[in-house]
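Descriptive structure summary
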Amino acid sequence: MKQLFMLTILLISAVSISAQLPQLIDREVFFGNPEYAGAQISPDGKYISFVKPYKGTMNVWVKETSAAFDTAKPLTADLSRPVRNYFWSRDGRYILFVQDKGGDENFNVYAVNPADKPAAGQDVPTARNLTDAKGIRAIIQAVPESDPDTIYVGINDRDKAWHDLYKVKISTGERTLINENKDRYQGMIFDNKDKLRLAVRSAQNGDTEILKIGADGKATKIYSCNSFESCAPIRFHKDNKRVYLRSNKGDADLIGLYLMDAETGAVELVENDPMKKVDLSDVSFSDVSKELILTSYEDDREKIYWKDKKYEKIYNRIKERLGDREIALGSSTKDEKKFIITTYSDVDPGTVWFHDTETGNLSTLYQVREKLDRKALAPMKAVRYKSSDGLEIPAYLTLPKGVEAKNLPTIVVPHGGPWGRDSWGYSGMAQFLANRGYAVLQPNFRASTGYGKRFLNAGNNEWGQKMQDDITWGVKYLVDQGISDPKRVGIMGGSYGGYATLAGVAFTPDTYAAGVAIVAPSNLQTLLEAIPPYWEAIRTVFYKRMGDPNTPEGLAQMKRQSPLYSADKIKTPLMVVQGANDPRVNKYESDQIVYALNQRNYPVEYIVAPDEGHGFARPVNNMAMYAAAEKFLAKHLGGRFQESMTPEVATRLKEITVDPKSVTLKKTADMSAAPAVNVSGKWNMSADAGGQMIEIAIDLKQDGAKFTGTLSSMLGGGTIEQGVIGGSNFTGVAIVDVQGQQMQLKMQGKMEGEKMVGTLTGPGIPEVSFTATRVK
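Presented here is an overview of the structure given in this document. Owing to the predicted nature of the structure, the values given are computational and were not obtained by experimental measurement.

Details of the pattern of salt bridges
What the rule picks out here adds up to 47 salt bridges. Between E326 and R301 there is a salt bridge, and its shortest N-O distance comes to 2.9 Å. One end of the pair, E326, is in strand β24 (residues 326-332); the other, R301, is in the loop between β22 (292-298) and β23 (302-306), and 25 residues separate them in sequence. In this structure, E529 and K746 form a salt bridge, with 3.3 Å as the shortest nitrogen-oxygen distance. With E529 in helix α8 (residues 524-529) and K746 in strand β42 (residues 741-752), this pair connects stretches of sequence that are 217 residues apart.

As C-alpha cells, then:
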C-alpha cells in the first residue's frame, strides 16, 4: 500500500508539472549530432573548416570562406568514432587531428591535405597516420612557426609511462628523436624562436619541477612547487628571456600570473585576481606581436581584463551589437585580421560568427543546435550555501521553466575530476533535466579548482567524507529553501561525479530516491591499481590527495571511502553506466558494485557500451543511455520523460543493457592447499607489456609454502617478497625500482611443469602477462 501511495503521488506530481512546463524537447536535440560545430578559419583566410555528420558520424569538412555550407566537402570519413579535435597546420596545407579506438584514449596523430583528391571509390582524401603505433598515446607538444611542416610530438612507445619527444615532418611522417625521456618529463616548452628551452618534470615526491635546457642538452632545475601547489609555464614573453608562469607557490592562496627568468628562475608578479577571490582562469596572447591580450578570472561568472586596446575595441564593438552574451574569440588568420567568434549564454548553446576586423563585417556562420528552442530553456543562477563544517560551497542552480520553485523533484549533478569545476553557461545536461521538470544543482564541492589552493586542498583525503558532505548539504539547502521535495531527490554524475553518486546512495542512503552512476569508481584501491601507465607522473599526487594504498592507514581509509564496502547499505534505486574500454575508470569498477548488489539480490540496472571509454562519444550510445536514464529517473522521482526512440536507438539499448546476474568477477587462486611445486632457482621471465617484450632475470628461494627472491631487467631491479605457494598456484609482491621510482607489483600465476605463467599488476600498469622458464 505504501508503494502504491508513493506511485500515486509521483503520477499526480508529474501530471501537474507537465501541464505547466514548456513542450518536451527531444533528447536528440540535446545530445544528438549538432548540425555544425568546431569552426576554424585557415591561416590564409581562404577556407573555413568545421565538423558535421558524415553518414551519421561527426567528421571534418571544409568550404571556401565566402561559400555556402552546402558546398563543403568532407575531409575525414571515420564512421566508427567522431573526430572531435583538429587544427590547421601553420601554413594551412594540412588539417591535423587525433583519434583513438573505441574510447581507449590511445591517440594517434593524423594529417589530411584538403587539396588532395579522393582515391577512386572514396569520398575523402587519404588521412595519413603520422605516429602510427598501437597501444600508445601521442601528445602534441608544439607546433613551430619557423617550420610549418613540423610538429613536436610526445610518444610513449618505448616506455608506456613516459613520452619521448619526437620531431615529426607532416608531409612525410619522418620522425626524429629529440629527447629520450628518462627523467620523468611531463612537458617541453619551446621559446618564440622554436628552440627547446624548458622542461616540466614530476619529481618522485610529487613536486613539480621546471628545468632549463642548456645548449648541451643538460637540464637544470630553476623553479619548483610542491604537490599541493600549482606551477606551470605558459609561453615565453616577447623578449624571449622570460616566460609567463601560473603559480600559487608559497604563501599565495590564489593562482596568479608571473614572469619567470628562464635562466635563473627568479619570478615577478604580473597580476592576480583584482577582486582577490579566485584563481587566474585564462590568458590569451597574440601570435603576431607576442603581447599579452587578456587575463580572465572565473568566480560565479567570468570577468575579463584587457591588456591590448585593439582587441578590447574589437570585443566592445561586438558586445554593443550582440548584447548581453558571453563572447569567445576562436581561431584566426595568421595575420589576426579575421576571426571565428562564438557567442553564448546559459540559455543559448551558441552562435558562431565570422568577423573581419578591417571591414567590421560580422556575419553569422551557424547557430549551434539550431533546432533547440532557446525560449524553452531555463536560466542558470549561482547560489552558495554552508557545508557541514561551515565551509561556503559555490554552486549553480537551474530551475525548470514555467513552474513554481516549490517541492520540485531534484537531481544533483556533481562534476568529474574531482579536480575541476562547473561554470556558468549552457549545460546540455542541466537543460535536459530541467526540461523534464527537475531542479538541477551543480555544486563546486571542496577539491574543485579555481577557488584557491586552500579550497582545493580541503578535499585532500576527503573522498566520501567532507567532499560528500558538500553535496549532501546542498540537498539540505534546497529542501530548507522549499525548492526540493526531500522524498524526490536524485543524484547523477560521471567519473568523480559517478563516484559521488555511488557514495551518496551508499553513505547517505536516506538522502536520494534514485542514482545514475556513469563510469564511476566503486573501489578506490582497484581504481588506483588500474590507472593508465601514462599517469605515472601524478601517481604520487593521487596517493597524497586520495590516500596511499601501500600503507595500512591509507588502505584502511580508501576502503572506508569506497562505496563497494558499503554496498550492503544501498537501498536507493540505482543505474550503472560504463564504457568497456575506459582506461581511467576500468570496467571492473562498475562490475564490482553491480556484482555486490546482485549478490544480495538487490535490483540494479546496468548498461555497458563495448565501443566506448570514459564517457560515451557515439550518438547512438548516448541516445540509448539517456533514454534509459530519463525513464529510470521519471519512475523514481516523478519527472516526465520521452517515451519514443528511433528503431536504431531501441536496438542499441537492448544490445548494451546487461543482465546484472551475468556479471562475474575474476576468481582468485585457491592458496589453501599444501605446496605441490618447488620454485627455487633461477628463471628467465618474458613479460608482455602491451606488445613490448621485457626480459627479466629472477632468482627465487622457497621455504615451505613461502618464497622470496630478486629480479633484474633493463628497466631496473628489485626484490620479490610475501611469496606464497598453494598447490601449483603462487602469489607474491615484486618491489621494483623503475627510473628511480619504487613500485609494488602484484605477482600471481601457476606452475606448469618447468614453466611459470602469470600476471603482474600494479598502480598505473595494465595487467602484464608473463611466462618464465627455469634456467638449467
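Here's the deal with the state of the cysteines
Scanning the entire structure with this criterion turns up 1 disulfide. Disulfide pairing is shown between C225 and C231; the S-S distance is 2.2 Å. Measuring handedness by torsion sign, the sulfur bridge of C225 and C231 sits at about -85° and is left-handed. A residue is classified by how much of its surface remains accessible, and C225, at 2% relative accessible area, is buried. What makes C231 buried here is its relative accessible area of 8%.

A short note on the sheet that holds strand β17 (residues 231-236)
Pairing between sheet strands relies on hydrogen bonds along the backbone, with the strands arranged either parallel or antiparallel. Taken together, 4 strands build an open sheet; the order of strands is β17-β18-β19-β20 and the sheet is antiparallel. Of all the strands in the sheet, just β17 and β20 (267-271) have a single pairing partner and so form its edges. Averaged over all pairs of adjacent strands, the angle between strand axes in this sheet comes to 35°, irrespective of strand direction. Both strand β19 (residues 256-261) and β20 contribute to a ladder of 4 bridges, which runs antiparallel. Each residue of the ladder has a partner; that of M260, found in β20, is V267.

Here we look at the packing of helix α12 (residues 619-637) against helix α13 (residues 647-656)
Look at α12 against α13: their axes get within 9 Å of each other, and the N-to-C directions meet at 80°. Between α12 and α13, the angle falls in the class roughly perpendicular. On α13, the residues that touch V620, N621, M623, A624 and A628 of α12 are E648, V649, R652, L653 and I656. Across the contact of α12 with α13, the residue classes break down as 7 nonpolar, 1 polar and 2 charged.

A word on helix α7 (residues 496-507)
If you check α7, its first and last C-alpha atoms are 15 Å apart, about what 12 residues at 1.5 Å a residue would give, namely 16 Å. Most of α7 is tucked away, with 11 of its 12 residues classed as buried. All of the buried residues in α7 are Y496, G497, G498, Y499, A500, T501, L502, A503, G504, V505 and A506.

Some details on the packing of helix α6 (residues 466-480) against α7
Where α6 contacts α7, the two axes come as close as 11 Å, and the packing angle between them is 80°. Taken together, the axes of α6 and α7 lie roughly perpendicular to each other. Residue-level contacts link M467, Q468 and I471 of α6 to Y496, A500, A503 and G504 of α7. For the contact of α6 with α7, a count of residues per class yields 5 nonpolar, 2 polar and no charged.

A look at unusual backbone geometry
In this chain, G417 is followed by P418 through a cis amide linkage whose omega measures 5°. Its location among the elements puts P418 in the loop between β30 (408-412) and α4 (428-435). In this model, N461 sits at a positive phi of 60°, which is unusual for a non-glycine residue. By secondary structure assignment, the location of N461 is in the loop between α5 (453-457) and α6. Of note in this structure, S495 is not a glycine but carries a positive phi near 60°. Position of S495 among the secondary structure elements: in the loop between β32 (484-494) and α7.

What about the environment of V112?
The residue V112 is located in strand β7 (residues 108-112) in this model. Given a relative accessible area of 0%, V112 falls into the buried group. Counting along the chain gives 15 residues from V112 to F97, while the straight-line C-alpha distance between them is 8.5 Å. Look past the residues within four positions of V112 in its chain and what remains in contact with it is L75, R93, Y94, I95, F97, P125, T126 and A127.

So, the nonpolar core
Within the largest apolar cluster, 41 residues are counted, with the highest numbers of intra-cluster contacts made by Y512, I593 and L597. The set of elements that each furnish at least two residues to this core consists of α6, β32, α7, α8, α9 (539-546), β34 (574-579), α11 (587-599) and β35 (605-609). Take this core: its biggest share by element is 7 residues, from α7. Beyond its immediate chain neighbours, meaning those up to four positions away, I593 contacts L502, S522, P563, L564, A567, I570 and V576. Counting 40 residues, the second largest nonpolar core, distinct from the first, contains F30, V413, L433 and A609.

Side note on α11
With 13 residues, α11 ought to run about 18 Å at 1.5 Å a step, and its terminal C-alpha atoms sit 18 Å apart, in line with that. Of all the positions in α11, only E589, S590, D591, Q592, I593, V594, L597 and N598 are classed as buried.

Some details on the sheet that holds strand β10 (residues 150-159)
The antiparallel open sheet is built from 4 strands, whose spatial order is β9-β10-β11-β12. In this open sheet, the two strands that pair with only one neighbour each are β9 (139-142) and β12 (175-179). Taking each pair of neighbouring strands and ignoring which way they run, the sheet shows an average axis angle of 40°. Relative to strand β11 (residues 162-169), β10 runs antiparallel, the two being bridged by 7 bridges.

Points about the side chain of E336
Locating E336 in the fold gives a position in the loop between β24 and β25 (338-345). Despite its burial, E336 pairs with no opposite charge, the nearest such side chain being K310 at 5.1 Å. Here S286 takes part through its side chain, which lies 2.8 Å from a polar atom of the side chain of E336. Apart from the residues lying within four places of it in its own chain, the contact partners of E336 are S286, D287, V288, Y311 and T357.

Definitions and cut-offs
- Along each chain, numbering runs from 1 in the same order as the chain's sequence is written.
- Selection of residues for local features in this predicted model requires a pLDDT of at least 70, selection of side-chain atom pairs for listing and counting requires 80 or more, and totals for whole chains, interfaces and linings are taken over all residues.
- Values shown for side chains rest on all heavy atoms present in the structure; no hydrogens or waters enter the calculation.
- By convention in these notes, a salt bridge is any Lys or Arg side-chain nitrogen within 4 Å of a carboxyl oxygen on Asp or Glu.
- Secondary structure counts use DSSP, requiring at least four H or I residues in a row for a helix and at least two E residues in a row for a strand, with both numbered from the N terminus.
- Cysteine sulfur atoms are paired as a disulfide whenever they fall within 2.5 Å.
- For the exposure calls, accessible area comes from a 1.4 Å probe over protein chains only, and a residue counts as buried if that area is under 20% of its type's maximum, exposed if over 50%, partly exposed in between.
- Here, any two strands with at least 2 DSSP bridges between them count as paired.
- Axes, fitted as lines to C-alpha atoms, cover a helix only where it is in contact. Angles between the N-to-C directions of the axes lie from 0 to 180 degrees.
- When an angle is under 35 degrees it counts as roughly parallel; over 145 it counts as roughly antiparallel; between 65 and 115 it counts as roughly perpendicular; any other value is oblique.
- Residues are treated as being in contact if the distance between any of their heavy atoms lies within 4.5 Å.
- Gly is put with the polar residues, along with every residue not named as nonpolar or charged; the nonpolar set is Ala, Val, Leu, Ile, Met, Phe, Trp, Tyr, Cys and Pro, and the charged set is Asp, Glu, Lys and Arg.
- The span you would expect from a helix comes to 1.5 Å times its residue count less one.
- Put simply, buried Ala, Val, Leu, Ile, Met, Phe, Trp, Tyr and Cys residues joined by side-chain atoms within 4.5 Å make one nonpolar core.
- Neither His nor the chain termini are counted; the positive set is Lys and Arg, and the negative set is Asp and Glu.
- Here a polar contact is recorded for every N or O atom pair within 3.5 Å, except that within protein the pair must consist of a potential hydrogen donor and a potential acceptor, and residues adjacent in sequence are included only if both atoms are side-chain atoms.

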